[in-house]
Amino acid sequence: STPPKDTDMEVPDAAMNSGDKKFALPVDSENKATEFRIYSAAAPHMRAFHLSWVSFFACFVSTFAAPPLLPIIRDNLNLTSTDIGNAGIAAVTGAVFARITMGTACDLFGPRLASAALILLTAPAVFCSAMANSPMSFLLVRFFTGFSLATFVSTQFWMSSMFSAPVVGTANGVAGGWGNLGGGATQLIMPVVFSLIRDIGATKFTAWRIAFLIPALFQTLSAFAIFFLGQDLPDGNYSRLQKSGDKHKDNFKQVLYHAVTNYRGWILALTYGYCFGVELTVDNIIAQYFYDRFNVNLHTAGIIAASFGLANLFSRPGGGLLSDVVAKKFGMRGRLWTLWIVQMLGGLFCILLGKVGSLGVSVAVMLIFSVFVQAACGLTFGVVPFVSRRSLGVISGMTGGGGNVGAVLTQVIFFRGSRYSTETGITLMGVMMICCTLPILFIFFPQWGGMFCGPSSKGITEEEYYMSEWNSTEKDKGFHKASLKFADNSRSERGKKVDSALTPSNETPPTHV
């Protein structure tokens, strides 16, 4: 019999090449890597991974460079507690809109151009932090610097474009977690940089300003690295693939429509608002909380605060890995159950953190809380890549933006002004976390099921779910081919218990390419 055309040919899971292309990692039929080798920097898969987490790390360092130096900046600019609260809110507000826009930009132009452009556009705000001379100018530089946190969306989009279903949770978790490490690392980096500059001979009010040049430079260099070394997809950059006809330029209205009409995206945006949103809030308040409540010095408060963020080294990646491991046996239903349990436990430890009154116990509870809240973030992005294939960027942007909305609301309600003490605010934040985790119970995929029920009795397949995002005209033009391959590769989400429920994984999908 004649061999199938190259475009329709399925690549065996362990194959290292597809057509004329050769890859350092095994790939699936979309040329996405089926293994995640953390110590490799092989192009394009692992190089994209390292570029994405380093640049996101740089943006986190920039955005949270101010909190560890606040006791100095506070005296220099005469900031009140309300000014500090407003600036903290401003830092995470800008990213709400930036993240949703970033998702759309990734869908239309690719993650390489989208992230490099945003990082370069926000770098001047970090440089300008050194010139802040009033509460308003301090608020504005934090607001514009915060836009850079939208690189999270391009990071997750890029990983979902480079890694296959069995390892996408791990790739998303490690890239997001190591990027988030910047929130903890900056608590250590900025006081050290400040001390060095002051010891050289600068006054403390000059030293904090010069210190901001370090994160600004780091952020700028990371943007150039992405632009010159990165690649959008395993097969090449969007622009080249669109010119050659291998990838069509998608319709913005259709991409947006299929994202906003998918209720699963909205639920994940809400729940992410109370795992990542809580993490951002804690990044903003925790150093000052320990400094004020337990009378520790600035350096000690910085180390305690850093330990919360630095848990991302293993906790968020652990969440992503756990999502993939559970999915091998229990499929998507396992991913949802694990997310719900871990985030609920995070809420309970958050309540406890606000209740304990001794320094040692507070630090211990904070560390346990950090592991659960960050693992929940990793688990969330073990589910996100499967919500939509066509509108992956917008869904990622909605979810990521939800994280920032949660951070803004939490800080406005509980940590702005003096309505609540910080410890009461932390406890109430834990209650909110538990309440906002409950909607995960309502997420249902007709081809895989939900937390309490199996797949739809109508026998809907993965192909039918992802093909519903394309109309007949688009299918006639072949625009849906990538979605069809993704549907085939996502059959692993049935789990071993229902592996042969519908279409056996070694058969051709029922929908013709």
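Bear in mind that the values here come from a model prediction, so they are computed numbers and not experimental data.

Student: I keep staring at the overall build of the protein chain and nothing clicks. Help me out?
Tutor: Within the protein chain, the secondary structure is distributed over 21 helices and four strands. At 23 Å, the protein chain has a C-alpha radius of gyration in line with the 24 Å of a compact globule built from 513 residues. Across its three principal axes, the protein chain shows a C-alpha extent of roughly 80 × 45 × 40 Å. Buried positions account for 59% of the 513 residues belonging to the protein chain. The long-range share in the protein chain, meaning contacts at least 24 apart out of those at least 6 apart in sequence, stands at 76%. Here the protein chain displays about 19,700 Å² of accessible surface, and carbon together with sulfur accounts for 65% of that area.

Student: What's the story with the packing of helix α2 (residues 70–77) against helix α8 (residues 204–211) in this structure? I'm lost.
Tutor: To characterise two packed helices, one gives the angle between the axes of the helices and the distance between these axes. With their axes 10 Å apart at the nearest point, α2 and α8 run at an angle of 120° to one another. As far as their axial angle goes, α8 and α2 are oblique. Judged by the sense of rotation from one axis to the other, the crossing of α2 with α8 is left-handed. Together, Ile72, Ile73, Asp75, Asn76 and Leu77 of α2 and Lys204, Phe205, Trp208 and Arg209 of α8 make up the contact between the two elements. Each residue belonging to the contact of α2 with α8 can be placed in one class, and the counts come to five nonpolar, one polar and three charged.

Student: Hey, could you run me through the packing of helix α4 (residues 111–128) against helix α5 (residues 135–146) in this one?
Tutor: Taken N-terminus to C-terminus, the directions of α4 and α5 make an angle of 150°; their axes are 8 Å apart at the nearest point. Taken together, the axes of α4 and α5 are roughly antiparallel relative to one another. Here α4 and α5 pass one another in a crossing that is left-handed. Counting all contacts with α4, which are made through Thr122, Ala125, Val126 and Cys128, the residues of α5 involved are Val141, Phe144 and Thr145.

Student: Got a minute to help me understand the environment of Ala375 in this structure?
Tutor: As for its placement among the helices and strands, Ala375 is situated in helix α16 (residues 359–383). With 290 residues separating them along the chain, Ala375 and Gly85 place their C-alpha atoms 27 Å apart.

Student: Would you explain the UniProt feature "domain: Major facilitator superfamily (MFS) profile" (unreviewed entry) in the protein chain in this entry?
Tutor: Under the present numbering, the feature "domain: Major facilitator superfamily (MFS) profile" (unreviewed entry) in UniProt falls on residues 48–448. Secondary structure across residues 48–448 comprises 80% helix and 0% strand; the distance between its end C-alpha atoms is 30 Å.

Student: Is there a simple way to think about helix α9 (residues 213–229) in this case?
Tutor: Because an α-helix packs 3.6 residues into every turn, residues spaced three or four apart end up facing the same way. Counted at 1.5 Å a residue, the expected span for α9 with its 17 residues is 24 Å, and the 24 Å between its end C-alpha atoms agrees. Among all positions of α9, only Pro215, Ala216, Gln219, Thr220, Ser222, Ala223 and Ile226 are buried. Down the axis, α9 shows its buried residues gathered within 160° of arc, on one side only. For α9, exposure combined with an orientation more than 90 degrees from the buried face picks out Leu221 and Phe228. Tucked into the core, α9 has its buried residues touching α1 (45–63), α4, α6 (151–162), α7 (165–200) and α8.

Student: Please explain the packing of aromatic side chains as it appears in this structure.
Tutor: How two aromatic rings sit relative to each other is given by the distance of their centres and the angle of their planes. Enumeration over the complete set of coordinates arrives at 36 aromatic pairs. Between Phe60 and Phe276, the ring centres sit 6.4 Å apart and the planes meet at 80°, which makes this aromatic pair edge-to-face. Note that Phe60 is positioned in helix α1 and Phe276 in helix α13 (residues 276–293), a separation of 216 residues in sequence. Look at Phe60 and you get buried, because its relative accessible area is 0%. Taking relative accessible area as the criterion, Phe276 reaches 0% and is therefore assigned buried. Aromatic ring contacts, followed pair by pair, group Phe36, Phe49, Trp53, Phe57, Phe163, Trp178 and Phe218 into a single cluster. Above the plane of the ring of Phe445 lies Arg264, whose end atom (NZ or CZ) is 5.2 Å from the centre. Arg390 extends its terminal NZ or CZ atom over the ring of Trp470, reaching a point 3.8 Å from the ring centre.

Student: Whenever I open this one, a nonpolar patch on the surface confuses me. Can you help?
Tutor: Where nonpolar side chains cluster on the molecular surface, the patch consists of Phe109, Leu113, Leu120, Phe224, Phe227, Phe228 and Leu229 and spans about 670 Å² of accessible area. Mapped onto the nonpolar patch, the elements with two or more residues apiece are α4 and α9. Summarising the element assignment, Phe224 is placed in helix α9. The class of Phe224 is partly exposed, set by a relative accessible area of 39%.

Student: For this particular structure, what's the right way to read the side chain of Ser55?
Tutor: Relative to the assigned elements, Ser55 resides in helix α1. Accessibility expressed as a relative area gives 2% for Ser55, which makes it buried.

Student: Please explain the pattern of salt bridges as it appears in this structure.
Tutor: Pairing between side chains of opposite charge can happen when the charged atoms of each approach one another. Summed over the entire model, instances satisfying the criterion amount to twelve salt bridges. Close ionic contact of Asp324 with Arg335 constitutes a salt bridge, the shortest N to O distance being 3.0 Å. For the pair Asp324 and Arg335, a shared accessibility class is recorded, and that class is buried. A salt bridge links Glu493 to Arg335; the shortest N-O distance between them is 2.7 Å. Pair noted here: Glu493 is in the segment after α21 (481–489) and Arg335 is in helix α15 (residues 315–355), with a separation of 158 residues, a long-range link. As far as burial versus exposure is concerned, Glu493 and Arg335 are alike and both buried. Through salt bridges with shared partners, a single ionic network connects Glu30, Lys32 and Arg389.

Student: Even after reading the chapter, I still don't get the side chain of Glu30, so can you show me in this structure?
Tutor: By the element assignment, Glu30 lies in the loop between β2 (21–22) and α1. Beyond its immediate sequence surroundings of up to four residues, Glu30 is in contact with Pro234, Asp235, Arg389, Ala482, Lys485, Phe486 and Asn489.

Student: Is there a simple way to explain unusual backbone geometry in this structure?
Tutor: When glycine is set aside, most residues are seen to have a negative phi, and most peptide bonds are trans. At the junction of Ala43 and Pro44, the peptide bond is cis and its omega measures out at -5° in the coordinates. Positive phi, normally seen in glycine, also occurs at Asn31, with a value near 65°. Secondary-structure assignment places Asn31 in the loop between β2 and α1. Judged by relative accessible area, which is 5%, Asn31 ranks as buried.

Quick notes on the rules
Residues numbered from 1 in each chain as written. Predicted model: local features only at pLDDT ≥ 70, side-chain atom pairs only at ≥ 80, totals over all residues. Heavy atoms only, no water. Helix = DSSP H or I, 4+ residues; strand = E, 2+ residues; numbered from the N terminus. Rg over C-alpha atoms; globule rule 2.2 N^0.38 Å. Buried < 20%, exposed > 50% of the residue type's maximum accessible area, 1.4 Å probe, protein only. Contact = heavy atoms within 4.5 Å. Areas by Shrake-Rupley, 256 points an atom, 1.4 Å probe, with all protein chains shown as cover. Axes fitted to C-alpha atoms, helices over the stretch in contact; angles between N-to-C directions. Parallel < 35°, antiparallel > 145°, perpendicular 65-115°, else oblique. Left-handed = near helix turned anticlockwise from the far one by under 90°. Nonpolar A, V, L, I, M, F, W, Y, C, P; charged D, E, K, R; others polar. UniProt positions renumbered as here; feature names shortened; annotations may be inferred. Expected span 1.5 Å × (residues − 1). Arc of directions from axis to C-beta. Phe/Tyr/Trp six-rings, centres within 6.5 Å; stacked < 30°, edge-to-face > 60°. Lys NZ or Arg CZ within 6 Å of the ring centre and 35° of its normal. Patch = residues over 30% accessible without salt bridge, like charges linked within 9 Å, V, L, I, M, F, W, Y side chains within 5 Å. Salt bridge = Lys/Arg side-chain N within 4 Å of Asp/Glu carboxyl O.

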